[in-house]
Amino acid sequence: MNDAAVLRPGKLPEFLPVAKAVIPAAGLGTRFLPATKVQPKEMLPIIDTPTIQFVVQEVVDAGITDILIITGKGKRSIEDHFDRSWELEEALAKNGHADLLQQMRDISNMANIHYIRQKEFVGLGDAIYYSKQHVAGEPFAVLLGDTIVDTPGVTATRQLMDFYQVWRCPVIAVEEVPRDKVSRYGVIQGKQIDDRTYIVEDLIEKPTPEEAPSTLAIGGRYVLTPSIFEFIERTPKGKGGEIQITDALRMLCKQERLYAYRFDGKRHDIGNRLDYMKSSVEFAIRRKDIGEEFREFILELAETLRKEASS
Ligand code: UTP
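Quick look at the overall build of the chain
Move 1: What the chain contains, in helices and strands, is 12 helices and 13 strands.
Move 2: Against the globule reference of 19 Å for 311 residues, the chain gives a C-alpha radius of gyration of 22 Å, in line with a compact fold.
Move 3: Its C-alpha atoms put the chain at 85 × 55 × 35 Å along the principal axes.
Move 4: Residue burial in the chain is summarised as follows: out of 311 residues, 45% are buried.
Move 5: For the chain, the computed accessible surface area is about 16700 Å², with 53% contributed by carbon and sulfur atoms.
Move 6: Each charge class in the chain can be summarised by its mean position, and for the 41 positive and 47 negative side chains these summaries are 3 Å apart.

A closer look at a nonpolar patch on the surface
Move 1: There is a patch of nonpolar side chains on the surface, built from F297, L301 and L305 and spanning about 280 Å² of accessible area.
Move 2: Assignment of secondary structure puts L305 in helix α12 (residues 291-310).
Move 3: A residue is classified by how much of its surface remains accessible, and L305, at 48% relative accessible area, is partly exposed.

Observations regarding the nonpolar core
Move 1: Core analysis: the largest hydrophobic core is formed by 35 residues, its most contacted members being I23, I52, V56, I67, I69, F82 and V223.
Move 2: In terms of residue count, helix α8 (residues 156-167) provides more of this core than any other element does, five residues in total.
Move 3: Residues within four places of V56 in sequence aside, it is in contact with I23, I67, I69, F82, M110 and I113.
Move 4: One finds L144, I218, I243 and A260 within the second-largest nonpolar core, a separate group that totals 32 residues.

Considering the layout of surface pockets
Move 1: Volume-wise, the largest pocket comes out at about 900 Å³.
Move 2: If you go around the largest pocket, you meet 36 residues; those closest to its centre are R31, K41, L124, K206 and E242.
Move 3: Of all the secondary-structure elements, those providing two or more residues to the lining of the largest pocket are α6 (124-129), β11 (216-224), α10 (245-255) and β13 (266-269).
Move 4: A total of three residues in the lining of the largest pocket trace back to one element, the largest contributor, which is β11.
Move 5: Residue classes in the lining of the largest pocket are distributed as 13 nonpolar, 12 polar and 11 charged.

Examining helix α11 (residues 273-286)
Move 1: Taking 1.5 Å of rise per residue, 14 residues should cover 20 Å, and α11 covers 20 Å from first to last C-alpha, within 8% of that figure.
Move 2: Within α11, the full set of buried residues consists of D275, Y276, S279, S280, F283 and A284. Buried residues along α11 cover an arc of 160° about the axis, so they all sit on one side.
Move 3: Next to the buried residues of α11 lie β2 (45-46), α2 (51-61), β7 (147-150), β13 and α12.

Some words on the packing of aromatic side chains
Geometry of an aromatic ring pair is reported as the spacing of the ring centres plus the angle between the planes.
Move 1: Per the counting criterion, the structure on display carries 10 aromatic pairs.
Move 2: Seen from their ring centres, F32 and Y276 are 5.2 Å apart, and the 90° between their planes marks the pair as edge-to-face. Of this pair, F32 sits in the loop between β1 (20-24) and β2 while Y276 is found in helix α11, placing the two residues 244 residues apart along the sequence.
Move 3: We classify Y276 as buried; its relative accessible area is 13%.
Move 4: With 5.9 Å between their ring centres and 75° between their planes, Y129 and F229 make a pair best called edge-to-face. Placement of Y129 in helix α6 and of F229 in helix α9 (residues 228-233) is noted, with a sequence separation of 100 residues between them.
Move 5: Residue F229 is classed as buried on the basis of its relative accessible area of 3%.
Move 6: Linked through ring pairs, F163, W167, Y259 and Y261 together constitute an aromatic cluster.
Move 7: Above the face of the F15 ring, R168 is positioned so that its terminal group lies 3.7 Å from the ring centre.

Some details on the environment of I23
Move 1: Residue placement: I23 occurs in strand β1.
Move 2: Owing to a relative accessible area of 0%, I23 belongs among the buried residues under this scheme.
Move 3: Separated by 29 residues in the primary sequence, I23 and I52 place their C-alpha atoms 8.7 Å from one another.
Move 4: If sequence neighbours within four positions are ignored, I23 has contacts with I52, V55, V56, V59, I67, L68, I69, I70, L143, L144 and G145.

Thresholds, definitions, all that
- Residues numbered from 1 in each chain as written.
- Predicted model: local features only at pLDDT ≥ 70, side-chain atom pairs only at ≥ 80, totals over all residues.
- Heavy atoms only, no water.
- Helix = DSSP H or I, 4+ residues; strand = E, 2+ residues; numbered from the N terminus.
- Rg over C-alpha atoms; globule rule 2.2 N^0.38 Å.
- Buried < 20%, exposed > 50% of the residue type's maximum accessible area, 1.4 Å probe, protein only.
- Areas by Shrake-Rupley, 256 points an atom, 1.4 Å probe, with all protein chains shown as cover.
- Lys, Arg positive; Asp, Glu negative; His and termini not counted.
- Charge placed at Lys NZ, Arg CZ, Asp CG, Glu CD.
- Patch = residues over 30% accessible without salt bridge, like charges linked within 9 Å, V, L, I, M, F, W, Y side chains within 5 Å.
- Salt bridge = Lys/Arg side-chain N within 4 Å of Asp/Glu carboxyl O.
- Core = buried A, V, L, I, M, F, W, Y, C linked by side-chain atoms within 4.5 Å.
- Contact = heavy atoms within 4.5 Å.
- 1 Å grid on protein atoms, 1.4 Å probe; cavity = no way out; pocket = protein on both sides within 12 Å on 5 of 7 lines; lining within 4 Å.
- Points joined across faces, edges and corners; volume = space filled by probe spheres on them.
- Nonpolar A, V, L, I, M, F, W, Y, C, P; charged D, E, K, R; others polar.
- Expected span 1.5 Å × (residues − 1).
- Arc of directions from axis to C-beta.
- Phe/Tyr/Trp six-rings, centres within 6.5 Å; stacked < 30°, edge-to-face > 60°.
- Lys NZ or Arg CZ within 6 Å of the ring centre and 35° of its normal.

See the structure below:
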C-alpha cells in the first residue's frame, strides 16, 4: 500500500443538528384513573389547554417542526386535537368568534406531526424504540407527553439542543428533587463537571430514598442519538415489567459518554394527581384573563384554612 493513500484523511463524520422530536404518549395513565379510562392523560387540560399542546409548543419554540407522537389504544383524541376540525371552524366563523377560530387553526398548523402506535404498553424504552425508522440515523429530542417543563427563558428542549450542539453526546435533563420523592423518578449518579453539567456514571429507575445515589431526577426531556436503539434492543424488562429507557441509558453510559444537564426551569408531572392540581393552580394564578380573581380566591381560601387550623 502506498503511504500517500494511508495518510489521506478520512471523511469526517457529518455533524447533524437535532431536527426531530419524539413525544411518547401511549402510556396507560393508571395513576390518573378513572379520568384516563377513555381519555388520554396527555389530553388532561391545564385550565383550557391540553398538556400535550404545551409539549408540542415547547418543541416548536425550540425550532423543531418534525414531530413523531407515539400513541396507542384509546389515544385518537390526540390526533384529532392537532387536526383541522371543519365543523367547529364553520360554527365559530358563523357565530363571529374570529379569535377562537384563529386559535383552532393555529393548533392544527403548529408543526408537522406524525403518529405511530405502540402495540403493547411495555414501557417508555419500548415506546421510544418505535421512533427508530422515523429518526433515520439522526439525533433527536424526546419529550414525555405528560410532562410540562416551565422555563423562565429558553425552553428545556432548546437548552439540551444547545448543549448537544457543543458536546455532541446524548444528554438528559435532570432536576433536584427532595430525597423522599426520588422513588417517583429515574435518578442519576454522576460526576459534576460544572454548575449544571454531570457525566452520568449510573442511573436507577424509581429507587428508594436509601438506594438513590443522588437527588438528581430525570426531568422528562432528552436529546438522544441513534445508538440508543441498540441499547433498547438489549434491555430486558425491568421495574413494573416494563422496558425502561433508564435501563437502556444505564447500559449506554457504561459504553458511551452520556451527560446530564440540570436545566433552568421546573417540571410539572401531569400524570400524578397532586402535581396536576399544584400545576393547575400555579398556571391559573399567572393567567392574564383569570389570574387576578383566582389569586384572590386562593388567598381567601388560605385565610379560611389558616383560621380552621388554629381553631
Ligand atoms: P409514565 O411513566 O407516566 O407511564 O409515562 P404511564 O404508564 O403512562 O403512567 P401510569 O404510571 O400508568 O400512571 C411517561 C410518558 O411515557 C409514555 C406516557 O404516555 C407518558 O407520556 N409512555 C409510557 C408510553 O408512551 N408508553 C409506555 O409503555 C409507557
